[in-house]
Amino acid sequence: MKDMPANKLDPRVKSVWRINDAIWITVIGILVGISLSPIAFGFNGIAPVLYGIFGACMLAIYIIWLVVLPPIRYVRWRYEVSEDYLDIAKGIVWRKRYTIPFIRVQNTDTRQGPILRAFGLASVTVATAAKEHEIPGLEIEAAEQLRDRAAELARIAREDV
Amino acid sequence: MQQEQSLNFADDTPDGNPFVATFETGKHYMVHRSYIYVAPVVAVIAALFFMLINGHRPIIDLVFAIKDGEISVNPLLAIGAIVLGFIVLVAVFVALYALSWKNMSYVFDHREFSFYSGIITKRRVHVPYARVQSVNHRASIIQRLFGVCTVTVDSAGGSSNKGVRVPYLRLETAERMRAELFMRKAAVAAGAENVIAYNATADTHSAQGAQAEAERMAQQSAQKPVSPHAQAAQQAPKAEAANTLDDAVGAVGHWRGLYGGEALFGEEPVTHEYGLSNRELLLTTISHDKPLIVAFVVALTFIMTFAFALLAQDEFSKFLASFAFATIAGATIITWVFGLLTVLFSYGNFRARRRGTRIEVERGLLAREFSGIDIERVQSIEIRQSFIRRIIGYCEISLGRIDAAGEQKSGNNNSKANTKGLVIHPFVKIDRVNEILDGLAPELASRPRKSERTPLPKPALRRAVLRRCLWFNWMLWITIVVVVCWAIIAALFNTGVIVINSPDMLSKYGNFMLGSLTLIIALCIIVTVGNAVSAVFWARHSGYIWNRWYLLVHNDGLSTSTSVIPRQKLQSGNTRSNPFQRRLSLSTIQAVTAAGTRSSMARLIDVPQDAGNEYLDWLKPHR
């Protein structure tokens with residue numbers, strides 16, 4: 001295997017992922033639970049069994065997404081800003097490795113949702129003419145430094161598409 | 001005389017200044033007046049057609065009600081009301097379009113081109129000259145009659161590309177506009193945007209005397225049709241291949257319409273030009289997959305409809321069944337022929353040429369389309385073979401380009417065409433590809449050739465067969481679901497849970513189930529065998545190669561596609577691998593370019609992991 005990029009994300013990003021995923025799983029879980037109700041209460045005595053299975057599935061999903069996945073995802077998520085390209089490695093099952101030359105970068109910005117803000121984190125987005133690449137959880141200070149650095153490198157290497 | 005009148009920029013340079021504008025900087029120009037009386041008519045007809053398609057039922061009911069005497073009307077009065085209604089509708093539209101026309105203008109500023117529009121909400125779209133990617137125009141049949149067209153200026157501005165569409169410009173104005181935009185772009189690049197000279201005679205020539213001039217010219221061209229085609233041929237020594245369709249329509253095909261004005265010649269010399277020969281045009285049409293696919297879908301829909309009608313087994317469906325075959329065959333053949341004609345017309349009068357630094361493609365017998373792309377703006381070369389074309393050894397060559405998503409939504413046809421890029425040859429023998437590309441774009445000569453590609457490693461074959469025949473073979477999964485359902489229903493019959501008393505019904509449903517099952521299993525086998533053959537071809541012949549400047553990715557199969565991407569145009573690249581690939585030391589390489597409205601991707605599955613890593617290194621800019 002090729003050398004991994006040097007930098008890791010901020011460890012607090014794991015909590016951000018957990019909260020984010022917990023919200024989504026809960027919302028989808030409630031919707032599925034509601035849509036199951038006609039079947040569950042349509043047949044006599046089926047409700048406890050059905051909701052028992054449903055609850056077990058939900059529990060398993062919660063455990064996988066909140067306990068098992070975040071540390072692995074965190075370990076696999078690496079990035080490195082070199083002189084003229086951005087290197088990203090991520091993914092647990094499908095492992096991806098991106099190279100984004102700075103001469104192709106159109107703009108870079110930092111973004112902060114409510115959850116990220118609560119943890120004092122920000123994400124950096126690097127956009128080329130074709131796609132956006134996001135580095136999700138960095139300390140605000142580090143994120144701004146990275147954004148400025150990427151913008152500076154992109155400005156130096158500017159070229160027409 | 002025609003030649004003398006034509007506007008020649010190169011000769012009009014007064015003091016050696018290469019930047020001569022024919023549009024005044026900062027002045028608001030209006031679009032052509034025909035916008036007021038042509039566009040509304042098109043819109044009204046479209047609206048009526050839409051109403052008829054969607055609301056035909058009430059109209060038919062009404063007609064029957066009148067016929068049966070349930071509603072009594074005076075026929076004269078009814079016709080009068082319809083005519084009056086139509087006139088009022090058109091009048092309202094004309095008034096709206098007139099208002100819209102008054103508020104519509106375009107301006108060439110020092111650094112950017114702006115288009116103003118909107119009656120209540122004022123809109124202004126502006127494109128800096130430096131961002132201009134390509135300037136294209138197309139004219140519908142009705143627009144062609146009037147010699148006007150819609151100009152599209154595509155620009156690259158980050159991941160969401162904005163484009164400007166200027167409707168209803170005279171052909172002559174459109175051609176001047178294209179020249180103007182590229183001239184101003186060059187001026188900005190040279191830092192000379194403030195020293196642009198303004199050629200007032202060339203401008204007023206078209207702006208003021210336009211009407212009279214155009215009418216005079218229309219008469220002239222009607223009396224003595226001059227074919228710009230012939231002139232173009234004189235200019236381009238390498239012009240080749242014309243077909244009977246082009247010859248037959250001849251001057252009509254190049255007729256510039258009522259207000260078209262004269263063609264612009266002599267901007268820059270044409271160094272290479274070609275059209276389609278009879279054989280190429282005919283085979284393009286016949287081997288085009290779109291008509292076949294549409295006809296197939298139509299046939300399938302009809303067969304399904306009849307199958308359900310038969311199941312109902314009443315008098316009416318028996319009556320239907322008596323001419324089912326004729327209807328299915330008829331409908332299929334009509335859609336197919338219609339599709340063929342559409343393709344034939346869209347590639348009629350096809351010309352591709354190299355003019356200066358640009359590649360220009362013109363096509364269309366009825367609706368006409370003009371596309372131009374600067375050689376620097378070519379994002380990729382795509383060489384595609386559909387199944388039929390693969391058998392006869394022909395392919396289609398297109399250039400990937402950045403398309404504007406646009407403010408106004410373009411029709412379905414447009415967006416579909418966009419995904420294919422700019423077709424520079426719809427049908428060419430595979431061994432002539434290099435000849436065509438070298439003629440049209442000698443700059444791309446250092447690209448690697450397909451024959452030099454590195455083949456995929458051995459495990460790719462087994463993985464491809466499994467992937468296409470098992471994991472991603474949707475037909476197989478559908479068949480399995482159907483068979484399981486069928487087995488459950490059969491089991492329910494046997495255990496007596498479901499009882500059908502009428503033997504007639506029983507045999508009918510039995511036959512239907514048996515028939516559908518046979519059909520779906522047969523389909524599944526055909527699809528799976530096709531996928532297997534395709535997988536073997538893919539694994540044997542796919543490959544990749546890159547040199548200092550280009551990446552070439554070839555995906556083979558029953559239909560093939562080759563992408564050649566200049567390294568400069570690669571926006572980003574990545575590798576990915578799943579656990580199975582990692583066990584075999586394989587990975588997938590992907591290359592992303594900005595072509596299309598958002599982005600395009602070339603992908604090759606199962607290259608050796610080392611090659612994947614080399615690819616990532618290759619993506620890094622060299623110092």
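Definitions and limits used
Residues numbered from 1 in each chain as written. Chains lettered and ligands numbered in written order. Predicted model: local features only at pLDDT ≥ 70, side-chain atom pairs only at ≥ 80, totals over all residues. Contact = placed C-beta atoms within 7 Å. Helix = DSSP H or I, 4+ residues; strand = E, 2+ residues; numbered from the N terminus. Pairing = 2+ DSSP bridges. Axes fitted to C-alpha atoms, helices over the stretch in contact; angles between N-to-C directions. Domains from an automatic or database assignment. Nonpolar A, V, L, I, M, F, W, Y, C, P; charged D, E, K, R; others polar. Core = buried A, V, L, I, M, F, W, Y, C linked by C-beta atoms within 7 Å. Buried ≥ 20, exposed ≤ 12 C-beta atoms within 10 Å, placed from the backbone. Expected span 1.5 Å × (residues − 1). Parallel < 35°, antiparallel > 145°, perpendicular 65-115°, else oblique. Left-handed = near helix turned anticlockwise from the far one by under 90°.

(A) The interface of chain A and chain B, seen in detail. At the interface, 24 residues of chain A touch 22 residues of chain B. Listing elements by their share of the side of chain A that touches chain B, those giving two or more residues are strand S4 (95–101), strand S5 (105–111) and strand S6 (121–128) of chain A. Ranked by residues supplied to the side of chain A that touches chain B, first place goes to S4 of chain A with seven residues. Examined bridge by bridge, S4 of chain A and strand S21 (residues 570–577) of chain B share five bridges and lie antiparallel to one another. Bridge pairing in S21 of chain B places Tyr98 of chain A opposite Asn574 of chain B.

(B) Just unusual backbone geometry, in detail. Residue and element names in this part refer to chain B. In this model, Ser585 sits at a positive phi of 55°, which is unusual for a non-glycine residue. Of note, Ser585 is situated in the loop between helix H22 (579–583) and strand S22 (586–593). Of note in this structure, Asp606 is not a glycine but carries a positive phi near 65°. By the secondary structure assignment, Asp606 is in strand S23 (residues 600–608).

(C) Fine view of the sheet that holds S6 of chain A. Residues and elements named next belong to chain A. Strands sit in the order S5-S6-S7 across an open sheet of three strands; the sheet is antiparallel. One side of each edge strand has no neighbouring strand; the edge strands of this open sheet are S5 and strand S7 (132–139). Ignoring which end each strand starts from, the neighbouring axes of this sheet average 15° apart. Where S5 and S6 come together, six bridges link them in antiparallel fashion. Note that in S6 the partner of Asp109 across the bridge is Thr125.

(D) Broad picture of the domain arrangement of chain A. Residue and element names in this part refer to chain A. On domain assignment, one finds that chain A holds domain 1 (8–75) and domain 2 (78–156). Taken over C-alpha atoms, the centre of domain 1 sits 30 Å from the centre of domain 2. Every contact between the two is made by 11 residues of domain 1 and, on the other side, 10 residues of domain 2. Elements supplying a minimum of two residues to the side of domain 1 that touches domain 2: helix H1 (13–42) and helix H2 (47–76). Residue classes in the side of domain 1 that touches domain 2 are distributed as five nonpolar, two polar and four charged.

(E) Fine view of the nonpolar core. Residues and elements named next belong to chain B. Membership of the largest hydrophobic core comes to 51 residues, with the highest contact counts inside it found for Ile424, Leu551, Leu552, Val553, Ile565, Ala591 and Val607. Excluding anything up to four places from it in sequence, Val553 contacts Tyr544, Ser563, Ala591, Ala602 and Leu604. Phe23, Val153, Leu171 and Ala179 belong to the second-largest nonpolar core, a separate cluster that totals 38 residues.

(F) Structural detail: helix H20 (residues 474–494) of chain B. Under the 1.5 Å per step criterion, the end-to-end length of H20 of chain B is 30 Å for 21 residues, consistent within 8% with the ideal 30 Å. Remark: Gly496 of chain B follows H20 of chain B within two positions and exhibits a positive phi of approximately 80°.

(G) Representation of the packing of H1 of chain A against H2 of chain A in the model. All names here are of chain A. Running from N to C, H1 and H2 cross one another at 165°; their axes reach a closest spacing of 10 Å. One element, H1, and the other, H2, form an angle in the roughly antiparallel class. Pair H1 / H2 crosses with right-handed handedness. Of the residues belonging to the contact of H1 with H2, the class tally is 20 nonpolar, two polar and four charged.

(H) Representation of the environment of Ile36 of chain B within the structure. Residue and element names in this part refer to chain B. Here Ile36 shows up in helix H2 (residues 34–37). In this structure the C-alpha to C-alpha distance between Ile36 and Lys102, which are 66 residues apart in sequence, comes to 9.6 Å. Excluding its chain neighbours within four sequence positions, the residues that come into contact with Ile36 are Val94, Tyr97, Ala98 and Trp101.

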